[in-house]
Amino acid sequence: VQLQASGGGLVQAGGSLRLSCAASGNIFSISRMGWYRQAPGQQRELVATLASGGIINYADSVKGRFTISRDNAKNTVYLQMMSLKPEDTAVYYCNVRVLRQIGPVDYWGQGTLVTVSS
């Protein structure tokens, strides 16, 4: 499974960015797609996930500002980020959970840096 993320960059506080992550390879049974982030010196944390059944989960810190969506035909997940804050600065990783015979397996993208200046 390959995950190609894009869309990171430098933006001023209050600005917007849209992240994309395209999945390819053996991904016939995707159960969930999502985004995590890791700020310097911090642990990786959940940002938003979107399950195949349509259930969406957001971190409290991004509710009302970030929107996760998915294009099933393209196996691509998006994260629209608005009203960005300096504390949103982090490397953002896309995540895909695929159902295998052995159970669910998580795959990670290479990470894309989002920097929000004050």
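Numbering of residues starts from 1 in every chain and runs along the sequence as written. Local features in this predicted model are restricted to residues whose pLDDT is 70 or higher, and side-chain atom pairs enter the listing and the counts only when it is 80 or higher, whereas totals over whole chains, interfaces and linings include all residues. Working from all heavy atoms in the structure, the side-chain values ignore hydrogens and water.

### Some thoughts on the sheet that holds strand β8 (residues 76-81)
Here comes step 1: The four strands lie next to each other as β1-β3-β8-β7, forming an open sheet whose pairing is antiparallel. Strands at the two margins of the open sheet, each flanked by one partner only, are β1 (2-6) and β7 (66-71). Direction aside, the axes of adjacent strands within the sheet are offset by 15 degrees on average. A pair of strands is labelled paired if DSSP reports no fewer than 2 bridges between them. The numbering of helices and of strands both runs from the N terminus, where a helix is a DSSP run of H or I of at least 4 residues and a strand a run of E of at least 2. Orientation is described by lines fitted to C-alpha atoms, with helices fitted over the stretch in contact, and by angles between N-to-C directions that extend from 0 to 180 degrees.

### Points about the side chain of Asn-95
Here comes step 1: Considering the arrangement of structural elements, one finds Asn-95 in strand β9 (residues 90-100).
Here comes step 2: Throughout, a contact is declared for two residues whenever any of their heavy atoms are within 4.5 Å. Those residues within four positions of Asn-95 in sequence are excluded, and the remaining contacts are Arg-32, Met-33, Gly-34, Tyr-36, Asp-106, Tyr-107 and Trp-108.

### Observations regarding the packing of aromatic side chains
Here a ring pair, both rings aromatic, is described through the centre-centre distance and the interplanar angle of the planes.
Here comes step 1: In this analysis, rings of Phe, Tyr and Trp, with Trp reduced to its six-membered ring, are considered paired at centre separations within 6.5 Å, and the interplanar angle assigns stacked below 30 degrees, edge-to-face beyond 60, and tilted for intermediate values. Applying the stated criterion across every chain yields a total of one aromatic pair.
Here comes step 2: Judged by centre distance (5.0 Å) and plane angle (70 degrees), the rings of Tyr-36 and Trp-108 are edge-to-face. Residue Tyr-36 is found in strand β4 (residues 30-38), and its partner Trp-108 is found in strand β10 (residues 103-108); the two are separated by 72 residues along the sequence.
Here comes step 3: On the basis of relative accessibility, which here comes to 14%, the residue Tyr-36 falls in the buried class.
Here comes step 4: In this analysis the charged atom, NZ for Lys or CZ for Arg, is taken to sit over a ring once it is within 6 Å of the ring centre and within 35 degrees of the ring normal. Over the aromatic face of Trp-108 sits the side chain of Arg-44, whose NZ or CZ is 4.7 Å from the ring centroid. Whether a residue is buried, partly exposed or exposed follows from its accessible area with a 1.4 Å probe, protein chains only, as a fraction of its type maximum: under 20%, in between, or over 50%, in that order.

### Digging into the state of the cysteines
Here comes step 1: Disulfides are defined as pairs of cysteine sulfur atoms found within 2.5 Å of each other. In this structure the tally under the stated criterion is one disulfide.
Here comes step 2: Between the sulfur atoms of Cys-21 and its disulfide partner Cys-94 the distance amounts to 2.1 Å. One end of the pair, Cys-21, is in strand β3 (residues 17-24); the other, Cys-94, is in strand β9, with 73 residues separating them in the sequence.
Here comes step 3: You can call Cys-21 buried: its relative accessible area is 0%.

### A closer look at the environment of Gly-111
Here comes step 1: You can see Gly-111 is positioned in the loop between β10 and β11 (112-117).
Here comes step 2: With 107 residues separating them in the primary sequence, Gly-111 and Gln-4 have C-alpha atoms 8.8 Å apart.
Here comes step 3: Leaving out residues up to four positions away in the same chain, Gly-111 has contacts with Val-91, Tyr-92 and Tyr-93.

### Concerning the nonpolar core
Here comes step 1: Ranked by size, the top nonpolar core spans 30 residues in total, and within it Trp-35, Val-47, Phe-66, Ile-68, Leu-79, Met-81 and Tyr-92 carry the most contacts.
Here comes step 2: Elements represented by at least two residues in this core include exactly β1, β3, β4, β5 (45-51), β7, β8, β9 and β11.
Here comes step 3: Here this core gets five residues from one element, more than from any other, and that element is β9.
Here comes step 4: Other than its neighbours up to four places away in sequence, Ile-68 contacts Met-33, Gly-34, Trp-35, Ala-48, Thr-49, Leu-50, Ile-56, Tyr-58, Val-77, Tyr-78 and Leu-79. Nonpolar cores were defined as sets of buried Ala, Val, Leu, Ile, Met, Phe, Trp, Tyr and Cys residues, with membership established by side-chain atoms within 4.5 Å.

Geometry only, nothing functional implied.
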